[in-house]
2 protein chains.
Amino acid sequence: MAESMRGLSRTHRCTEVSKANIGETVTVMGWVQKRRNLGSLIFVDLRDRSGLLQIVFDENDIGTDGFDKAGKLRSEFVIAVVGKVEARSGAVNENMATGGIEIRATELRVLSEAETPPFPIEEESNTKEDLRLKYRYLDLRRPDLQRNLIMRSNVATLTRQFLAEEGFLEIETPMLTKSTPEGARDYLVPSRVHPGNFYALPQSPQLFKQLLMCSGYDRYFQIVKCFRDEDLRADRQPEFTQIDIELSFVDVDDVIAVNERLLQKMFKETIGIDVQLPIRRMTYAEAMDRFGSDKPDLRFGMELKNVSDVVKDCGFAVFTGALEKGGSVRGINADGQGAMPRKKIDALVEFAKGFGAKGLAYLAINEDGTYKSSFAKFMTEEQLDTLVTAMQGKPGDLLLFAADEDDIVFDVLGNLRLEIARSLDLLDKNVYNFLWVTEFPLLEYSKEQGRYVAKHHPFTMPMEEDLDLLDTEPGKVRAKAYDIVLNGTEIGGGSVRIFQNHIQEKMFEVLGFSKEDAYDRFGFLLNAFKYGVPPHAGLAYGLDRLVMLMAKEDSIRDVIAFPKVKDASCLMTDAPNIVEEKQLEELGIEISEEVVEAAAESTEE
Amino acid sequence: MAESMRGLSRTHRCTEVSKANIGETVTVMGWVQKRRNLGSLIFVDLRDRSGLLQIVFDENDIGTDGFDKAGKLRSEFVIAVVGKVEARSGAVNENMATGGIEIRATELRVLSEAETPPFPIEEESNTKEDLRLKYRYLDLRRPDLQRNLIMRSNVATLTRQFLAEEGFLEIETPMLTKSTPEGARDYLVPSRVHPGNFYALPQSPQLFKQLLMCSGYDRYFQIVKCFRDEDLRADRQPEFTQIDIELSFVDVDDVIAVNERLLQKMFKETIGIDVQLPIRRMTYAEAMDRFGSDKPDLRFGMELKNVSDVVKDCGFAVFTGALEKGGSVRGINADGQGAMPRKKIDALVEFAKGFGAKGLAYLAINEDGTYKSSFAKFMTEEQLDTLVTAMQGKPGDLLLFAADEDDIVFDVLGNLRLEIARSLDLLDKNVYNFLWVTEFPLLEYSKEQGRYVAKHHPFTMPMEEDLDLLDTEPGKVRAKAYDIVLNGTEIGGGSVRIFQNHIQEKMFEVLGFSKEDAYDRFGFLLNAFKYGVPPHAGLAYGLDRLVMLMAKEDSIRDVIAFPKVKDASCLMTDAPNIVEEKQLEELGIEISEEVVEAAAESTEE
C-alpha cells in the first residue's frame, strides 16, 4: 500500500517546527522512528535529515480510519502528516530539539511501507560493518553517518567559497588520461575505438594543473576523485577525493599563507575550532629528530632524545655496536610509567620489533630512585645516572631506548611514542594540533631500483641553498616541499615546482632518466615548459582523511557515502563483477586463460 | 636563462592596476604579448589571466643592463617587472582596460624564456583545431578560451552556492561502480584484486542518487563526471559533466520551481541575462505538433501546420497515400522565401531526405499572387488556395510540405525548420529562449528489440491519469518526465521516480523483464525500496552544453580544458596509449589475438 502525496506539500522539516509554530497547521513527512500506543493515544517519532518530531494520533482528531492506519505504522514506514503544532502534553524531552512540542495529526498518509530492516536505524550502531555496508542505504539513515556526510558537504562548500573569493578557478581535468609508469599502480580503461590501447584513471591531476599554470590560469583548484590501484590499508580507498590547489608566481610562504586561512575558515565554520595562525612550522630534520616521524602528533610530548654521546663509552654492546656502525641510540621517556608490568613492556618490545628493531632497551625508575633495567649490568651506576639525567628521568618514569641505524631508530621510537600515547589515552580527538613540516629531502635512495627516486615527485623544486649538492650529495638536497599535519596525520602536502629547464634536466639526470626516457614519460609537460613557464607551487589535501578527523571518526569509510572494503569491492552493488562476453569483444580484450581456469576450479569446489 | 622571483612579490594582476595607482610602485608578472622598440623606448604588452598592461622600458629608469634585457624579450617570455604607475605618455588605448596607464619599469627579471609558439596566442584563432588541441596548453592561453573556462568556473560556483542555500547536500557517488547492461555502452575498468571482474565508470549517478533519497538525504546534488563509450558526435565527449539533482517529497512543480530559480540566478550573475519566470511549459505532444521536435527552438516561428484535413481529397497521391497509411501531411511557411532559387530548394529537398523523407513538396507564392509548385498540377486552383490559406501564405512566401508517417514528418519538418532558420541567420546567440517540455511518453516501442523500452529510464513515474493505460495501450502512457530546453538544445532533463513497488513491478512487466531479470539488473535499488521510500524526483543538466550556450560557442570542446576529439583520443597526451605488458598481466587480461595481429600488420605497412 502506497498512498500518493498529491495535494500535500511539506511545510517544514522535522526540527524546523518549533514553539514559534504553536497553533499552526503544518505538513511534515519522513520515516517512522518508533511508534508507541499509550492508552487512547498513539505516539510516533517522525525522523528526517534534520532530526525527530513527535506526532500524536488521537481518534477524536483524525477519525477512526486514520487512527487505525496509525496503529499499523511500523519503523521505517514513510508517512506524511498534517496536524496542528501544540505544546507537548506529556513530559518535555530535553534531549530532542523539538522536545517541547508535538503535532496533533489530522491527516495521515502512508507513502511507503517498509519491511523490518536487518539492523536498527540508530546512533552508534553495534552492527558488524560488513552487514552495514551491504545495506549501506539503510546504514546511511543513521544520524551519525548523516552528520558526517552533511559535514563533508559543508567542508566542500566552504572550501570552494573561500577559494573562489581568493581568485581560484575550479577547472576540471580529465578522468580518462594517459598511463605513466612513475608512481603507484594505475587503474586502466580499455579503449574500444583504439583496441589494444588503454586510458588510465588519474592518480592526481598533477601534470594537468601544472599545464594550467603554463597556460596562465594563475590560481587553480579542484575537488576531484583520484585513483590508485594499491592494496588497501585501513585509511585508503581505490578512489579518493583530493582538494587540489596550484598557484602561479608564488613561493612556499604564499602557499602556506592562503592554506592557513582556508584551514582556519574550514575548522571555524564547520566544527567551531579556532585554528591559531600562523600554524607552527618544523623542518623535516627537526620532526624526525624530536618525534621520529615526518608527521608528528603534537598533542603530547614524549620527545625522542639522542643519547648517543652519553652512551658511547658504556659497556652495553647493543648501544656501542649501533654507534660503531654509524647509527644512533635514542630514547623516549614514558612519563609516569615506571611501574609498567613486565608483560606490558614485553608487548612494547614486540611492537618495536614490528618496525625493525632488534630489541628495545628499557630502564624503569622506581619511586625510591633505584633502577630496574634490561641493561643495568652493562653500565656503571654513574653511567646510568648520566643517562637518566639526559632523559630527564624522575622517579616513576619509564625510559625506552632503541639503538640502530637512524631510519630504524626513528621509525621504532616514533611509532612506540604513538602506541604508548594510545594506550594512555593521550590522543584527545577534541584537540586539533596543526603543523607544517617543511624542507623534506628531495630524493631518497631506492635500494630496490639502485637509484635515487623523487620523494615527492620529479617536478619538485630543490631549495636554492642546496642546488650545488645535486652533483655531489643528492641525498642531502632539501626540497621546497611541505606537508600539513593534523594530530599526526598528513592531511595535505605539496611543493614548489621546478620551472627552469636546466634544473629539471639536472633532476632527471640525478634520477637516472635519459632525456629520451624523460620525454617518453612526461613529454607533454616538458614541451609545454618550452613556451614560458611561471614559477608555480601547489598543495593537495586528502578530503576523506580531513573530514574523518573533523568528524572524530577512525575510518574514512565513515565519511564516504558508498565506500569500498579492503579487497576494493563494494558490498552493496557487488562491484566489480563479471561482464558480458560481448563487452570484452568490443574492447578487443580477453580474460587470461589462467584466470578463467582458476575461476572454473573455484566454482567446481 | 631563468631568473628567480626571490625577493619579489606580485602586487597586482595586470588589469588590477588602474589610474588610482598612479604614482605607486607595483610588481607585476606575466607573459610578454608583444614588444615594440620605439626610438629610445621599449614597449611591452604584459599579459595575464586578467588582461593586458603596457610596460615602458627607458634606459634612464632601468639602466643599461635592464634595457638590454628588455630588448631581448620575445613573445611568451615570462617576466616580472617592478615599476611606477604613470598616466600613459602616448595615445590612450580605449580598447584596453588599462589603456590610460603604463608602468615605467625599474626592474626586470626574465623568469622563463620561450620558444616561438607554433601559432600566435590571440583572440579568435584561425589555427586548425587539431594543432590547437595538440598544443592545448598554448591554446588555453588565448583570451576567448580563458573567458570560457572562467565562466565555467563561475557557473559551477554559483550553482553550488544556490543549491547549498536551498538545502541541497553535495554527496559524492562512486566512479568505480557496477556495469548494468541497460543504457549506453559502459567504460570498463579491470579489477586486479578480482581478476576477470570489471568495474564500470558511471553513465550517471542515477541509482546512487535514488538510494540517497531512500537514505533520507532529502536534497542531493553533485557536479560530477559521467562516462559513455559511444561514438562521438560534435557535441559529445566520452567524459562529460553533469549537474545532478534529486529531491524528496516533491512532485513535478517543485522540481521545476527550484530549477527555475537556479537558472535565473545562473544566467543573471554570469552573463547578465534576465530569465523571465515562470519559464514557458509545453507538453511533448504540443512541441511535436507545432515544432516537430521535443526540444523546439522558440527564437523564431515557422511552426508546423497539419494540413491533412485540407488535402485529404486532393488529387496528389503523395499526400493522400500518406494519409491512407495513417500518416499526416504537414507544412511550414518559410516566410518571405518565395523567391528562393530552385537550386536552394533542391538542396532543402536533399536535406529532408537525410531525415527519411521520400521527397518534399513545395509551393512558392509569387509577389503577383500566382503559385509555383511541385504539385500544382495535381490540385485544383481552389484546393491550392485553401491550402495556402491554411498555411497563412502570402505573396513572397515559400511553403514546404512533408507527407509520411508522423514520426518522419516531424523529424523532417522539425529539422528543415532549423536548417532554414540557420540559413536565414535567425538563430541569434544573444537571445536565450527557455522552455520546459513536459509529459513525455513513458515508453517507446523498439522495433529492434521487439518490446517497449523506457524513454527516460525504467524508474520514471507514469502520470497518475494514465496508469490504467499501462495494461491496455502502454505506448500512450505519459510520464512525469520533463526536459529543460534552451534555444533548441536540451540542457537538462529529469523525472519524478516510481516509489511504489506495485507500479515498479508493472513497469518491469511492460518492459518485458522477469522479476529475476529486474533483480539481476537493479537488485540493490529494488532491495532498498523495500525499506521505506519517499516520493522523489530529480533532474540533471549537461554542464558542458549549458556553458557552451552561455559562452556563445558552437562546440563543447571550447568550454572543456582538455577535451578529446572524435575518436575519443587526446591529441595532447596521446591517451589512450599502449601500456606495459606487466600491467595487463597483473590485471589478468590480454589483448585479443586479432587486435595484436591487426596492429602488427598496420606497423608492417
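The structure displayed is predicted, hence computed values, not measured ones.

A.B. asks: How would you summarise the overall build of chain A if you had to cite specific residues and measurements?
C.D. replies: Within chain A, the secondary structure is distributed over 18 helices and 23 strands. For chain A, the proportion of contacts with a sequence separation of at least 24, taken over those separated by at least 6, is 67%. With the model as given, the accessible surface of chain A reaches about 24,900 Å², and the carbon-plus-sulfur share is 46%. The positive charge centre, built from 74 side chains, and the negative charge centre, built from 102, are 4 Å apart in chain A.

A.B. asks: An account of the interface of chain B and chain A is requested, with residue identities and associated values reported.
C.D. replies: Interfaces are often sized by the accessible area lost when the parts come together. Tallying the contact residues gives 125 residues for chain B and 125 residues for chain A. Where chain B abuts chain A, roughly 11,100 Å² becomes buried across the two surfaces, and 58% of that area is made up of carbon and sulfur atoms. If you look at where chain B meets chain A, you find 16 salt bridges. Between aspartate 229 of chain B and arginine 192 of chain A there is a salt bridge; the shortest N-O distance is 3.2 Å. On the surface where chain B and chain A come into contact, there are 66 residue pairs in polar contact (both at pLDDT 80 or more). Among the elements that make up the side of chain B that touches chain A, the one with the highest residue count is helix H4 (residues 143–165) of chain B (nine residues). When its residues are assigned to classes, the side of chain B that touches chain A shows 63 nonpolar, 28 polar and 34 charged.

A.B. asks: If you had to explain the domain arrangement of chain A to someone new, which residues and values would you point to?
C.D. replies: Domain annotation for chain A reports domain 1 (14–112) and domain 2 (300–423). Relative to domain 2 of chain A, the C-alpha centre of domain 1 of chain A lies at a distance of 63 Å.

A.B. asks: Residues and numbers for the nonpolar core, please.
C.D. replies: Judged by nonpolar contacts, the single largest core of 294 residues is most densely connected at Phe267 and Phe434 of chain A together with Phe267 and Phe434 of chain B. Excluding residues that lie within four positions of it along the chain, phenylalanine 434 of chain A makes contacts with Leu263, Phe267, Val275, Ile279, Arg280, Ile484, Val485, Leu486 and Ile491 of chain A.

A.B. asks: Can you explain the sheet that holds strand E20 (residues 481–486) of chain B? Please cite residues and give values.
C.D. replies: Residues and elements named next belong to chain B. Judged by pairing direction, the sheet is mixed, and its eight strands sit side by side in the order E6-E9-E10-E22-E21-E20-E17-E11 without closing on themselves. The sheet is open, and its two borders are formed by strand E6 (169–170) and strand E11 (281–283), each paired with just one other strand. As defined by bridge partners, E6 adjoins strand E9 (residues 219–227) across two bridges and the pair is classed as parallel. Bridging from a neighbouring strand, glutamate 170 pairs with phenylalanine 221 of E9. Sheet contacts for helix H6 (residues 252–271): E9, strand E10 (239–248), E11, strand E17 (434–438), E20, strand E21 (489–496) and strand E22 (536–542); angle to E22, the most-contacted strand, approximately 30 degrees.

A.B. asks: If you had to explain empty space enclosed by the protein to someone new, which residues and values would you point to?
C.D. replies: As enumerated under the stated definition, the model contains 11 cavities of 30 Å³ or more in all. Ile223 and Lys225 of chain A together with Glu172, Gln222 and Ile223 of chain B are, among the 40 residues lining the largest cavity, the residues nearest its centre. Put simply, the parts of the chain that give the lining of the largest cavity at least two residues each are helix H4 (143–165), strand E9 (219–227), strand E10 (239–248) and helix H16 (543–550) of chain A together with H4 and E9 of chain B. Here the element with the most residues in the lining of the largest cavity is H4 of chain A; it accounts for five residues. Among the residues forming the lining of the largest cavity, the class breakdown is 19 nonpolar, eight polar and 13 charged. Looking at the second largest cavity, its volume works out to about 160 Å³. In this structure, the second largest cavity is lined by 19 residues; those nearest its centre are Glu172 of chain A together with Lys225, Ile560, Ala561 and Phe562 of chain B.

A.B. asks: I'd like to hear about the packing of helix H14 (residues 501–511) of chain B against helix H15 (residues 515–528) of chain B, residue by residue, with values.
C.D. replies: Residue and element names in this part refer to chain B. Packing of H14 against H15 brings their axes to within 11 Å, and their N-to-C directions diverge by 135 degrees. One element, H14, and the other, H15, form an angle in the oblique class. Between H14 and H15 the crossing geometry is right-handed. Of the residues in H15, those touching H14 at Gln504, Glu505 and Phe508 are Lys515, Ala518, Phe522 and Leu526.

A.B. asks: With reference to specific residues and values, describe the relation of the copies chain B and chain A.
C.D. replies: The operation relating chain B to chain A is a screw motion whose rotation component is 180 degrees, with 0.0 Å of axial translation and a residual RMSD of 0.1 Å. Interpreted geometrically, this transformation is the action of a two-fold axis. Most of the interface of chain B is mirrored in chain A: 100% of its interface residues are interface residues there too.

A.B. asks: Could you give an account of the pairing of E9 of chain A, with specific residues and numbers?
C.D. replies: Of all nine residues in E9 of chain A, nine are buried; the element is thus mostly enclosed. Burial of the side chains of E9 of chain A extends over both faces: Arg219, Phe221, Ile223, Lys225 and Phe227 of chain A are buried on one face and Tyr220, Gln222, Val224 and Cys226 of chain A on the other.

Parameters and conventions
For every chain, the first residue of the written sequence is number 1, and numbering continues from 1 along that sequence. Ligands are numbered from 1 and chains lettered from A, in the order in which they are written. Only residues with pLDDT of at least 70 get local features here, since the model is predicted, and only at 80 or more are side-chain atom pairs given and counted; chain-wide, interface and lining totals rely on the full set of residues. Computation of side-chain values: all heavy atoms of the structure, hydrogens and water removed. For the purposes of this entry, the term helix denotes a DSSP run of H or I that reaches at least four residues, the term strand denotes a run of E that reaches at least two, and both are numbered from the N terminus. Contacts are assigned to residue pairs that have any heavy atoms within 4.5 Å of one another. Residue-level accessible areas treat just the shown protein chains as cover; the underlying method is Shrake-Rupley with a 1.4 Å probe. Only four residue types enter the tally: Lys and Arg on the positive side, Asp and Glu on the negative side; His and the chain ends are excluded. In plain terms, the charge of a residue is placed at NZ if it is Lys, CZ if Arg, CG if Asp and CD if Glu. What gets called buried area is simply the loss in accessible area from a 1.4 Å probe that two parts show on being joined, summed for both. The rule for a salt bridge is simple: a side-chain nitrogen of Lys or Arg has to be within 4 Å of a carboxyl oxygen of Asp or Glu. For this analysis, a polar contact is any N or O atom pair within 3.5 Å, provided that within protein one partner can donate a hydrogen and the other can accept it, and provided that sequence-adjacent residues contribute only side-chain to side-chain pairs. Throughout, the ten residues Ala, Val, Leu, Ile, Met, Phe, Trp, Tyr, Cys and Pro are labelled nonpolar, Asp, Glu, Lys and Arg are labelled charged, and all others, Gly among them, are labelled polar. In this entry, domain limits derive from an automatic or database-based domain assignment. Here, nonpolar core refers to any group of buried Ala, Val, Leu, Ile, Met, Phe, Trp, Tyr and Cys residues whose side-chain atoms link them within 4.5 Å. Each residue is assigned to one of three classes by its accessible area relative to the maximum for its type, calculated with a 1.4 Å probe on protein chains only: buried under 20%, partly exposed between the two thresholds, exposed over 50%. Two strands qualify as a pair provided that DSSP identifies no fewer than 2 bridges between them. To obtain each axis, a line is fitted to C-alpha atoms, and for helices this fit is confined to the stretch in contact; angles are then taken between N-to-C directions over 0 to 180 degrees. We place a 1 Å grid over just the protein atoms. Points where a 1.4 Å probe fits but has no way out form a cavity, open points with protein on both sides within 12 Å along at least 5 of 7 lines form a pocket, and any residue with an atom within 4 Å of a point lines it. Grid points are joined across faces, edges and corners, and a volume is the space filled by probe spheres set on the points. By the definition adopted for this analysis, an angle is roughly parallel if under 35 degrees, roughly antiparallel if over 145, roughly perpendicular if from 65 to 115, and oblique otherwise. Helix crossings are classified by the rotation of the near helix relative to the far one: an anticlockwise turn of less than a right angle makes the crossing left-handed, while a clockwise turn makes it right-handed. The superposition of copies rests on a least-squares fit of C-alpha positions from residues with pLDDT of 70 or more in both.

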